[in-house]
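Given next are the chains, with one letter for each unit.
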Amino acid sequence: MPFIILLLALFTISGGVRLKGSLVGTPVLNTLLIFIGTVLASWMGTTGSAMLLIRPLIRANAHRKNKVHVIIFFIFLVANIGGSLTPLGDPPLFLGFLKGVDFFWTTSAMLIPMLFMVACLLIIFFSIDTYFHGKESTSELENHGSEKLGLDGSFNLLLLVGVIGGVLMSGFWKPGIHFEIYHVHLELQNLIRDGLLLALAYGSWAITSKEIRTANEYTWFPIIEVGKLFAGIFVTIIPAIAILKAGTHGALASVVSSVSTQSGEPINYMYFWLTGILSSFLDNAPTYLTFFNTGLGKLHMNEGMLPEILASGFDLSKDPKYQTFVDYLTAISCGAVFMGANTYIGNAPNFMVKAIAESQDIRMPSFFGYMLWSGLILIPIFVIVTFVFF
């Protein structure tokens, strides 16, 4: 429920912001919009950034026949890789923050790998988009108006700041008050956060004019589809996560054993790929959390040691296993965030973007058709990342 509430708030509020104007989907403009979304994703979440910019991007390319690749690269960068730099960016990093990882640790640890991924993908995208743009007829390229740029519903940006504040509050504030409802452990700060998010979503829906949402072609279809899909994933993931938690005593003992040395130390590049592959087909948040706890256990550490381990300046000379854990944490963080782009179900905004695009008559690839794109474009870059960073 907290997962869906967060997505609902981001979807509703960002759907009340409309970037108006006669944007024309040239390779330069498309690359710029995707880059802006990538930058914003770490600070307002991949879902918030994707929902804010997907509609302007679709409108800018409405006159083009060849535009599916634009949506696919938008999913790669804005809905996934762009969320690498803070716990606000992507759910797995937020779980790490709740476990004690410093807020700006991910900024330091993942900046260079993220910049490498972003640079490679933007160069590839610009080349592909330039090729397809050249195949469009002159009449199609000139089929656009002359409306000036502007922003309607800008007060919703303040509500987005409220969402960010609510999420941060639930991570920093620990009143120690909790409840048990039907065997579910509920903490006060999380209940207040969820109530605040619902209130902000309702406020956006009530205050934003219907004209803005109509112009955005806003419907509830995408969030309903995502709710049904991820309800199924969260239920069926329970035995899969239990098997992973069992480690060498579970059904995947051979897999777990293959990612560690004989002395028990993690093989970082193997964890990068194992975390990434599982994140692609399960969900990156619980996958990250499972391997996070696995790393602490294997190195005989606990969460109380994290502030010292991940201290500012990375002074890790006190104990070699500190450096081991930092390298390991970087590997699983990159795997969870980067490889969520491999499938539609690797990260929630992937499917939301697909649903919005299809609601506006863009024929998106099938599940396996999308994987063909990610396999041809992302996997070779991940191989390079493996050799360079892990």
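Refer to the structure printed above.
Please read all numbers here as calculations on a predicted model, not as lab measurements.

1. Comments concerning the overall build of the protein chain
Of regular secondary structure, the protein chain possesses 17 helices and four strands. Scored against the burial criterion, the 390 residues of the protein chain give a buried share of 52%. Accessible surface computed for the protein chain: about 17,000 Å², of which carbon and sulfur atoms make up 68%.

2. A closer look at the side chain of serine 280
Within the fold, serine 280 resides in helix α12 (residues 268–281). Here glycine 276 takes part through its backbone oxygen, which lies 2.8 Å from a polar atom of the side chain of serine 280. Apart from the residues within four sequence positions on either side, serine 280 is in contact with Met339, Asn342, Thr343, Ile345 and Gly346.

3. Some thoughts on empty space enclosed by the protein
A water-sized probe rolled over the atoms picks out the places where empty space is left. Applying the stated criterion across every chain yields a total of two cavities of 30 Å³ or more. Reported here for the largest cavity is a volume of approximately 40 Å³. For the largest cavity, the full set of lining residues is Phe11, Arg55, Glu217, Thr219, Pro222, Ile356, Ser359 and Gln360. When the residues that make up the lining of the largest cavity are grouped by side-chain class, the tally is three nonpolar, three polar and two charged. When its volume is computed, the second largest cavity comes out at roughly 30 Å³. Taken together, Leu57, Ile58, Asn61, Lys67, Val70, Ile71 and Ile362 form the lining of the second largest cavity.

Parameters and conventions
Residues numbered from 1 in each chain as written. Predicted model: local features only at pLDDT ≥ 70, side-chain atom pairs only at ≥ 80, totals over all residues. Heavy atoms only, no water. Helix = DSSP H or I, 4+ residues; strand = E, 2+ residues; numbered from the N terminus. Buried < 20%, exposed > 50% of the residue type's maximum accessible area, 1.4 Å probe, protein only. Areas by Shrake-Rupley, 256 points an atom, 1.4 Å probe, with all protein chains shown as cover. Polar contact = N/O pair within 3.5 Å; in protein donor to acceptor, adjacent residues only side chain to side chain. Contact = heavy atoms within 4.5 Å. 1 Å grid on protein atoms, 1.4 Å probe; cavity = no way out; pocket = protein on both sides within 12 Å on 5 of 7 lines; lining within 4 Å. Points joined across faces, edges and corners; volume = space filled by probe spheres on them. Nonpolar A, V, L, I, M, F, W, Y, C, P; charged D, E, K, R; others polar.

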